[in-house]
Amino acid sequence: MLLLGDNVNLIQKTFNGDTMTFSSLEKLIREETREVIGNLKRSFSLYEEDEKPASEDSDKMLVVNKESGKSYYISKKSFDPAKHQKSVPKEKKTKTEEEEPAAETPAETPAETPAETPAETPAETPAETPATDTTTTDSTATTTPAESGTESKTGLKTVGALNKVDVEKLYKKSNNLYPQTREHLLQYDYEDIIDMYDLRVGDKKVDFTKLYKRAEMIATSKHSLITPKTIDKETLMALGYYYLNTERINNILRYSQPSLSKPEIERQLKLGKPKEGDKREKEYKSAMNAFTIREMDYAFEEQLQRLDYNILTYRSVKSEEVLQMFIDAGQWVDKSFVTTSLNPLISEGTGKKRLPLFEFLIPAGTAILTLPCHSNDYCHETEVTLPRNCRYTIQGFNDTRNIYKILVEQNYGG
Amino acid sequence: MADEKKIDTKDRDKRYTYTENDAKSIFQYGPTKKPIEKIEKK
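Residues numbered from 1 in each chain as written. Chains lettered and ligands numbered in written order. Predicted model: local features only at pLDDT ≥ 70, side-chain atom pairs only at ≥ 80, totals over all residues.

Caption draft 1: Here's a closer look at the overall build of chain B. A count of helical and extended segments in chain B gives one helix and one strand. The buried share of chain B, taken over its 42 residues, is 19%. (Helix = DSSP H or I, 4+ residues; strand = E, 2+ residues; numbered from the N terminus. Buried ≥ 20, exposed ≤ 12 C-beta atoms within 10 Å, placed from the backbone.)

Here it is as structure tokens:
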């Protein structure tokens, strides 16, 4: 990780107050992520029918921690005689005890999660991570992600694995999290998942479905935490239109200005959407574009849209050449709205190598727009829309993962 | 909106990817206001 001169102070102030450094935040997140991911896994396992309880998994064993005296299941490969003592399972426990073994051992469970040391031991990680299951299961070994079926539904290869019920459950669970856990979940940076992806990306024999699903579940949980429960009709309509006409709206902002007057916009909307080929079609589209920009600008001004927590969102870069243009600038102002996702794999699934990734650091207090899943056909994209005229500054570079950390600051437009 | 069965699936990945056109349009506004030390990729 490289941090640039004065920007180190900037990001410290913006993200961590006066007492924390960026690196200590990273360390904190890494440590806390174990617990968060451990908790999430317990929650998510309720939905993953293909995952066996630890007590029925032949690769796992029940041990007693010599220091704490607590019992829990670990992978057989993780058995350390200095630390663990073999334990004989009691006769059939009650259902509650069987289902929640991790509840009494939160500190130990994450030792088997990929979150612990993905960077240091990528070669060893697959042996114990859930994602590896997807690479070794005979029934899926020859299935490529393109054949998994989500693309035809969503247009994207990496999302769409969750159904409505899954999403509703995740929303409920996420909203029951403690504030501190919410904060750490929102700052979780998927490094372990990205490492798993990078390890096998391009290998057509590998099925990434489970890995994609895990990323989508975490992104959806994050989405539920930052999305207002209710949203006014105009914002809903404008954002829904923006989701379908992003390029057109942003081109207007970049190269021209919406020119219709408010009465003309209202007149066109009152008349309603014309039929295809109608001579009013052009005027109606212009009115919708202008309406969308006006309503989104207005929504970004509302207190309701301001973040309570710092968050991380993502956007990929198409090529090294495009990336270099951003690197050469180091800092830029974008006059258009910027579409980002809470899921770093959102644009993946097609190449031999993962695309360069921008990780946006969005401080608490920044206005963002999201649509609640019940009003959003594109919920699986976990979109976070940023206001126009934000300033973007490259704060750091993760060389191993080709990820750029970009600080987002609002209101730099003219 | 949520009741619609079919959703538009065309080019959804492009919405989350900076393309050459994005970069060109962003940098048409001239140099950044505050030049910073560039990052050199190894």
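Caption draft 2: Examining helix α9 (residues 209-226) of chain A more closely. Between its terminal C-alpha atoms α9(A) stretches 26 Å, which fits the 26 Å expected from 18 residues at 1.5 Å a residue. Most of α9(A) is tucked away: 18 of the 18 residues are buried. (Expected span 1.5 Å × (residues − 1).)

Caption draft 3: Representation of the environment of T385(A). Residues and elements named next belong to chain A. Along the chain, the position of T385 falls in strand β9 (residues 383-386). For T385, a count of 23 C-beta atoms within 10 Å puts it in the buried group. Measuring from C-alpha to C-alpha, the distance between T385 and S341 comes to 8.1 Å, with 44 residues separating the pair along the chain. The residues contacting T385, other than those within four sequence positions of it, are L239, Y242, F337, T339, I368 and L369. (Contact = placed C-beta atoms within 7 Å.)

Caption draft 4: Seen up close, the nonpolar core. In terms of nonpolar packing, the biggest core is built from 82 residues, with A215(A), Y242(A), M296(A), I406(A) and V408(A) touching the most fellow members. In this structure, M296(A) is in contact with A238(A), L239(A), Y242(A), F337(A) and L369(A), ignoring residues within four places of it in sequence. (Core = buried A, V, L, I, M, F, W, Y, C linked by C-beta atoms within 7 Å.)

Caption draft 5: Spatial organisation of helix α13 (residues 281-301) of chain A. All names here are of chain A. Taking 1.5 Å of rise per residue, 21 residues should cover 30 Å, and α13 covers 30 Å from first to last C-alpha, within 8% of that figure. What α13 keeps buried is the set A287, M288, N289, A290, F291, T292, I293, E295, M296, A299 and F300. Close packing links the buried residues of α13 with α10 (233-244), α11 (246-255) and α12 (262-271).

Caption draft 6: Here's a closer look at the confidence of the model for chain A. Taken residue by residue, chain A gives an average pLDDT of 78. The fraction at 70 or more is 71%. Confidence over residues 90-147 of chain A falls short of pLDDT 50; this stretch has 88 contacts with residues more than four positions distant or in other chains. (pLDDT = per-residue confidence, 0-100.)

Caption draft 7: Main features of the environment of R214(A). Positionally, R214(A) belongs in helix α9. Sequence separation of R214(A) and V159(A) is 55 residues, and the distance between their C-alpha atoms is 9.9 Å.

Caption draft 8: Geometry of unusual backbone geometry. Phi is positive for N402(A), which is not a glycine, with a value near 55°. Here N402(A) shows up in the loop between β10 (390-398) and β11 (403-409).

Caption draft 9: A look at the packing of helix α7 (residues 179-187) of chain A against α9(A). Residue and element names in this part refer to chain A. α9 packs onto α7 with a crossing angle of 125° between their chain directions and a minimal axis gap of 10 Å. Of the possible angle classes, the one that applies to α7 and α9 is oblique. The two elements α7 and α9 cross, and the hand of that crossing is left-handed. Contact with α7, carried on its side by R182, L185 and L186, involves S221, K222 and L225 of α9 and no other residues of that element. (Axes fitted to C-alpha atoms, helices over the stretch in contact; angles between N-to-C directions. Parallel < 35°, antiparallel > 145°, perpendicular 65-115°, else oblique. Left-handed = near helix turned anticlockwise from the far one by under 90°.)

Caption draft 10: How the structure looks around the sheet that holds strand β3 (residues 71-75) of chain A. Residue and element names in this part refer to chain A. If you walk across this open sheet you meet the three strands as β3-β2-β4, and the pairing is antiparallel. Because the sheet does not close on itself, it has two edges, and the strands there are β3 and β4 (84-86). Put simply, the sheet's adjacent strands are angled 50° from each other on average, direction ignored. (Pairing = 2+ DSSP bridges.)

Caption draft 11: Fine view of the pairing of strand β5 (residues 311-317) of chain A. Residues and elements named next belong to chain A. Counting buried positions over the seven residues of β5 gives seven, a clear majority of the element. Because side chains alternate across β5, one face comprises the buried residues I311, T313, R315 and V317, and the other comprises L312, Y314 and S316, equally buried. Both β5 and strand β8 (residues 357-362) contribute to a ladder of six bridges, which runs antiparallel. Pairing of T313 across the sheet is with F360, part of β8.

Caption draft 12: Structural context of the environment of T17(B). With respect to the helices and strands, T17(B) occurs in strand β1 (residues 17-18). Classification of T17(B) as partly exposed rests on a count of 19 C-beta atoms within 10 Å.

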